[in-house]
Amino acid sequence: MTIYINQCQHYLPNGAVDNTLLAQRFGLNADWISLFLGNTSRYFATDLVSGEVKKSLCDIATEAAQEVMQKELLTSEDLDFIVLSTATPDQLMPATVNLVAERLGAKNVPTFQLQSGCTGAMQAISLARSLLLSGEYKRGLVIGADVCSKFIDPTKDYAQSDANEQINFALFGDGAGALIMSTQPTGLGWEITQFSCRFTGLELPPGQIVNWRGLRETDDVMLMEDYKAIEAHVPKLAAEMLDNLWTAAASEGNEIDWYLPPQLSGRMTHHIVNELGLSRDKVINCVHETGNNGNALPFVQLSYLRDRMEDKQSAMLIAIESSKWIQAGMLIRKEAV
């Protein structure tokens, strides 16, 4: 059985926050952000000036879901399941996916929520793919979303904060993306020809930690980003996945027309593209504009690809999660629908 991605959309809350505004608000250095991270902007669900929370995870996930359903001319009754991946749920309970389902009016629809980082979107696609391959379901809604700004205190001056903490606030943003997946080609008609998602961090310490403390007072660091470890390991893990997918594509007689590499920061993505030896005119990047919005990023890349990929062309998407080192990748091919 063949599984298809029939539509993709993304949603970024509020207006773009450039490096100057970010630096002014939190006592950071705009030049440092530009040079060290290579990002020019990001989007936040929180207003940095007033500190008001404008959008919740449920809000932005619902926005992306509604847009992709409208694009495919679907109602909630056309959905056989909903999958949401996120690292930043609104609450631990109820699961945010159920709040989204309620907003969509999706009564009696199976719902699933996965908690993960940068490969969460790929894990959600993997689950949806398995559900469709089971033959029990025909069409599903897959959402990836994060609100990383919930870890930002808008009243705090971060000028004296540890560099690891500053990196998180300058690197990450908020956003949501959504796909319609089905056993029948409609809309975009992107056929998933190869898929892989696997844990590879057996002997590597976490590259990122986000602690949940509950009501307990502890000395644990809330956020930790081991940028040096990420620089060392992500290109190598991406190259391994690239080689595996290249081999699979060659066995199918397909050439790769588009590459969607891991999106960590503008600078890091530039480095990965160079390490992989990819032609820049075939690469789809977005993180320098959108910020690293976690579970939304692969869906944002696919949205950027949407208007570029032509019939019979193929694309390769690779995502690497540094929190405990997960490799994920897939090949898609556009059918003439």
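Owing to the predicted nature of the structure, the values given are computational and were not obtained by experimental measurement. (Residues numbered from 1 in each chain as written. Predicted model: local features only at pLDDT ≥ 70, side-chain atom pairs only at ≥ 80, totals over all residues. Heavy atoms only, no water.)

(A) The arrangement of the environment of Trp246 in detail. As for its placement among the helices and strands, Trp246 is situated in helix α7 (residues 227-251). For the pair Trp246 and Met316, spaced 70 residues apart in sequence, the C-alpha separation works out to 8.7 Å. Every residue in contact with Trp246, bar those within four places of it in the chain, is listed here: Ile256, Tyr259 and Met316. (Helix = DSSP H or I, 4+ residues; strand = E, 2+ residues; numbered from the N terminus. Contact = heavy atoms within 4.5 Å.)

(B) Molecular detail of the sheet that holds strand β5 (residues 111-115). Ordered by their spatial adjacency, 9 strands build an open sheet running β5-β4-β6-β7-β1-β8-β13-β12-β11, and the pairing between neighbours is mixed. Edge positions in the sheet fall to β5 and β11 (258-260), since each of these pairs with one other strand and no more. On average, each strand axis in the sheet is inclined to that of its neighbour by 20°, with strand direction left out of account. Two elements, strand β4 (residues 81-86) and β5, share 5 bridges in a ladder whose sense is parallel. Pairing of Thr86 across the sheet is with Gln115, part of β5. Sheet strands touched by helix α3 (residues 57-71): β1 (4-11), β4, β6 (139-147) and β7 (174-182). Its angle to β1, the strand with the most contacts, is close to 135°. Along the sheet, helix α5 (residues 120-133) makes contact with β4, β5, β6, β7, β8 (190-199), β12 (314-321) and β13 (326-334), crossing β4 at roughly 160°. (Pairing = 2+ DSSP bridges. Axes fitted to C-alpha atoms, helices over the stretch in contact; angles between N-to-C directions.)

(C) A look at the environment of Leu48. Tracing the backbone shows Leu48 in the loop between β3 (41-43) and α3. Along the chain, Leu48 and Ile152 lie 104 residues apart, while their C-alpha atoms are 9.3 Å from each other. If near-sequence neighbours (up to four positions away) are discounted, Leu48 is found in contact with Val17, Leu22, Arg25 and Phe26.

This is a description of form; function is not addressed.
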